[in-house]
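Notes for the structure review
Chain by chain, the residues run as shown.
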Amino acid sequence: MTSCYYHLLLHSCVHLLLLLGQRVLSSNPGPIRVNYGYFPEASPIRVACARGWFTWYQYQVTCYPQTSGAFAASRLDSGSLHLADLGSTPLAQALARGVDIRVVFIDQYKGDSQGIYVRPTAIENPFDLIGKKLGVPFGSTMHYQVLFLLDIFDMTGQVELLNLSPAEIIQAWDDGSIDAAACWGSAREHVLDLVGDKTTKNDNSGANNDKAANVLVSAGVLADWGRPTFNVVAVDREFMNDHAEFVDHFVSILGLLTDSFIDKLGGSDNKNANRWTPNAADPESSYMPSLADAMMKAGERARNPSVGFVSHQRHALDLFKPLSTEEQVSCDYLGGGRVCGRPSLQHIAIQQTAEFLMDQKVIHDMGRLSDMGNTGIACSRPNTLCGGDIFTGSSVIPKMASSVEFRYDLASIYGSVNPDPF
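These numbers come from a predicted model, not from an experiment.

At Tyr-57, a position not held by glycine, the phi torsion is positive, near 50°. Assignment of secondary structure puts Tyr-57 in the loop between α2 (46-51) and β2 (59-65). Exposure remark for Tyr-57: the relative accessible area of 17% places this residue in the buried category. Even without glycine at this site, Cys-379 takes up a positive phi of about 55°.

Right, dumping it as structure tokens:
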């Protein structure tokens, strides 16, 4: 599979290490290969794959695009991936079946980045889905939200759900074999005709496939109705135990990029405005071409994505809801649990997801997710969901010596390191 990274020079790695205040690692006789599975959808953290910022000392990181979180979870379980993006639904399923992983970062909440999309002449409201065919990757966050939608409208069993990958959804939409799609990323863009590369068809390949889809309901709306979904970065527990300092480095890069994007107007650092502008006054300092490159879209030139595609990815970034590093380490998110004495929103959402999937007979055992452990001495028992260590914010802001002033400063870390990956 094609790798999506460029190597940093050794002196730049040393510079980054000193700024983060971590001790220099001892030499290693050979490289340590690390495989990271990511979703090819817009996110600030994709820039790190394209620019090679995850690679660190002997750790050689290769980024592999994944078609769904269910596949990524299986690859984490098998050891073919060491770190991976997972949606909240595949995460709940993986934890329920005993996959030994830890969540170290919350990439983003789904917002308007995914949803249920329908043919405008056939479906105007949820009840119009009855008797229709809907394509969705089974086991995904959208599968979970589709089941929730059917449940609250009392339509369970009345809509034909087809287990289709994002690529299969694109094909099925074009040939007219599905009436609706629950999807994200390239499939979402295709059915909504956002990329602008589809043309009106005058053949008999399918009814109404010259029409762009309408949005029936977004993931953000379904979250407001009681079923939030989000993406996390999960790590194989054994790998994290053996390579804790690398995981700290990896997650700190995620935090740096996310905080930079949240400050996209340049309120804290005026250079951030340029970093997230496609047609920046200083193109070499913009991260957007790198982000677009990480999408690995067919037809786009590596290291030289088209202006239109770069601009489209910038628009897509605003569909998600990222969390700052300060929010991530709070009791509401990765900092919740034993230290805070109460479950975090992640604990609650994951258990809620597993319970719903049990009711729908998607899973048959909740495993470690069955006992929240927030009764009695709240979150004190390590064998419970709340008292355990599945969610950890310890790597979001690396441990620093008390004498070191630590600042998230992308300009200092990256400005002289690799400003132009092309």
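In total, this model carries one cavity of 30 Å³ or more according to the counting rule given. Its boundaries defined by the atoms lining it, the largest cavity holds a volume of some 70 Å³. Taken together, the residues that form the lining of the largest cavity break down as three nonpolar, five polar and two charged.

This part covers a negative patch on the surface. Negative charge collects at one region of the surface, where Asp-151, Asp-154, Glu-355 and Asp-359 lie side by side. Counting through the fold element by element, Asp-151 comes out in helix α5 (residues 141-152). Of the residues examined, Asp-151 reaches a relative accessible area of 38% and is grouped as partly exposed.

Attention now goes to the layout of surface pockets. Approximately 630 Å³ is the volume found for the largest pocket. When residues of the lining of the largest pocket are traced back to their parent elements, those giving at least two are α6 (166-175), α7 (185-192) and α13 (307-317). Ranked by residues supplied to the lining of the largest pocket, first place goes to α7 with six residues. Of the residues belonging to the lining of the largest pocket, the class tally is 16 nonpolar, eight polar and five charged.

Here the focus is the pairing of strand β6 (residues 133-136). Bridge count for β6 against strand β7 (residues 160-163) is four bridges, and the pairing is parallel. Within the sheet, the bridge partner assigned to Gly-135 lies in β7 and is Leu-162. Where the polypeptide runs from β6 across α5 and back to β7, its parallel neighbour, the crossover connection is right-handed. Relative to strand β8 (residues 180-184), β6 runs parallel, the two being bridged by two bridges. Paired with Leu-134 across the bridge in β8 is Ala-180.

Attention shifts here to the environment of Leu-257. In this structure, Leu-257 sits in helix α10 (residues 244-262). Sequence separation between Leu-257 and Ser-43 is 214 residues; the distance between their C-alpha atoms is 9.3 Å. Beyond its immediate stretch of four places on either side in the chain, Leu-257 contacts Pro-44, Ile-45, Val-47, Ala-48, Trp-53, Trp-276 and Tyr-287.

So, on to α13. Three or four residues apart is the spacing at which side chains of an α-helix point the same way, because the helix has 3.6 residues per turn. When we look at burial in α13, the residues that qualify are Phe-309, Val-310, His-312, Gln-313, Arg-314, Ala-316 and Leu-317. Structurally, α13 contributes buried residues whose contacts are with α7, α10 and α12 (288-294).

Take the packing of helix α4 (residues 88-96) against helix α15 (residues 345-359) next. Remark: α4 packs on α15, axes separated minimally by 9 Å, with the N-to-C direction vectors making an angle of 75°. Put simply, α4 runs roughly perpendicular to α15. For the pair α4 and α15, the contacting residues are Ser-88, Thr-89, Leu-91, Ala-92, Gln-93 and Leu-95 in the first and Ile-350, Thr-353, Ala-354 and Leu-357 in the second. Looking at side-chain class alone, the contact of α4 with α15 contains six nonpolar, four polar and no charged residues.

Now for the packing of α5 against α15. Remark: α5 packs on α15, axes separated minimally by 11 Å, with the N-to-C direction vectors making an angle of 65°. The handedness of the crossing between α5 and α15 comes out as left-handed. Packed against α5, whose contacting residues are Tyr-144, Leu-147, Phe-148 and Asp-151, the element α15 presents Gln-352, Thr-353, Phe-356 and Leu-357 at the interface. Taken together, the residues of the contact of α5 with α15 break down into five nonpolar, two polar and one charged.

Attention shifts here to the sheet that holds β7. An order of β7-β6-β8-β5-β9 is seen for the five strands of this open sheet, with the pairing classed as mixed. Looking at which strands have only one partner, the edges of the open sheet turn out to be β7 and β9 (214-218). Averaged over all pairs of adjacent strands, the angle between strand axes in this sheet comes to 25°, irrespective of strand direction. Bridge count between strand β5 (residues 114-118) and β9: four bridges; the pairing is antiparallel. Pairing of Tyr-117 across the sheet is with Val-215, part of β9.

Looking now at the state of the cysteines. Under the definition given, this model contains three disulfides. One disulfide bridge connects Cys-331 with Cys-340, the sulfur atoms lying 1.9 Å from each other. For the disulfide bridge between Cys-331 and Cys-340, the dihedral angle about the S-S bond is near -80°, and by the sign convention the bridge is left-handed. With relative accessibility at 26%, the residue Cys-340 sits in the partly exposed group. Linked covalently through their sulfurs, Cys-379 and Cys-386 form a disulfide whose S-S length is 1.7 Å. Torsion about the S-S bond of the Cys-379 and Cys-386 cystine: about 80°, corresponding to right-handed handedness. Using a relative accessible area of 0% as the deciding quantity, one classes Cys-386 as buried. The connectivity of the disulfide bonds within the chain can be written as 1-2, 3-4, 5-6, using the sequence rank of each bonded cysteine.

Taken as a whole and assessed by the stated rule, the structure comprises 18 aromatic pairs. Arranged with centres 5.6 Å apart and planes meeting at 80°, the rings of Trp-53 and Tyr-287 form a pair that is edge-to-face. You can see Trp-53 sitting in the loop between α2 and β2 and its partner Tyr-287 sitting in the loop between α11 (271-275) and α12, a full 234 residues away along the chain. Take Trp-53 and Tyr-287: they sit in the same class, and that class is buried. Aromatic side chains Trp-56 and Tyr-57 sit 5.4 Å apart centroid to centroid with 85° between the ring planes, which places their arrangement in the edge-to-face category. There is no split in this pair, since Trp-56 and Tyr-57 are both buried. Ring pairing ties together the aromatic residues Tyr-36, Tyr-38, Phe-54, Trp-56, Tyr-57, Tyr-59, Phe-239, Phe-246 and Phe-250, which thus form one cluster. Here the basic side chain of Arg-119 rests over the ring of Trp-173, its NZ or CZ set 3.9 Å away from the ring centre. Over the aromatic face of Phe-261 sits the side chain of Lys-264, whose NZ or CZ is 4.7 Å from the ring centroid.

Reading the values: rules and limits
Residues numbered from 1 in each chain as written. Predicted model: local features only at pLDDT ≥ 70, side-chain atom pairs only at ≥ 80, totals over all residues. Heavy atoms only, no water. Helix = DSSP H or I, 4+ residues; strand = E, 2+ residues; numbered from the N terminus. Buried < 20%, exposed > 50% of the residue type's maximum accessible area, 1.4 Å probe, protein only. 1 Å grid on protein atoms, 1.4 Å probe; cavity = no way out; pocket = protein on both sides within 12 Å on 5 of 7 lines; lining within 4 Å. Points joined across faces, edges and corners; volume = space filled by probe spheres on them. Nonpolar A, V, L, I, M, F, W, Y, C, P; charged D, E, K, R; others polar. Patch = residues over 30% accessible without salt bridge, like charges linked within 9 Å, V, L, I, M, F, W, Y side chains within 5 Å. Areas by Shrake-Rupley, 256 points an atom, 1.4 Å probe, with all protein chains shown as cover. Salt bridge = Lys/Arg side-chain N within 4 Å of Asp/Glu carboxyl O. Lys, Arg positive; Asp, Glu negative; His and termini not counted. Charge placed at Lys NZ, Arg CZ, Asp CG, Glu CD. Pairing = 2+ DSSP bridges. Right-handed = clockwise from strand over helix to strand, strands pointing away. Contact = heavy atoms within 4.5 Å. Axes fitted to C-alpha atoms, helices over the stretch in contact; angles between N-to-C directions. Parallel < 35°, antiparallel > 145°, perpendicular 65-115°, else oblique. Left-handed = near helix turned anticlockwise from the far one by under 90°. Disulfide = S-S within 2.5 Å. Phe/Tyr/Trp six-rings, centres within 6.5 Å; stacked < 30°, edge-to-face > 60°. Lys NZ or Arg CZ within 6 Å of the ring centre and 35° of its normal.

Just geometry here; none of it tells us what the structure is for.
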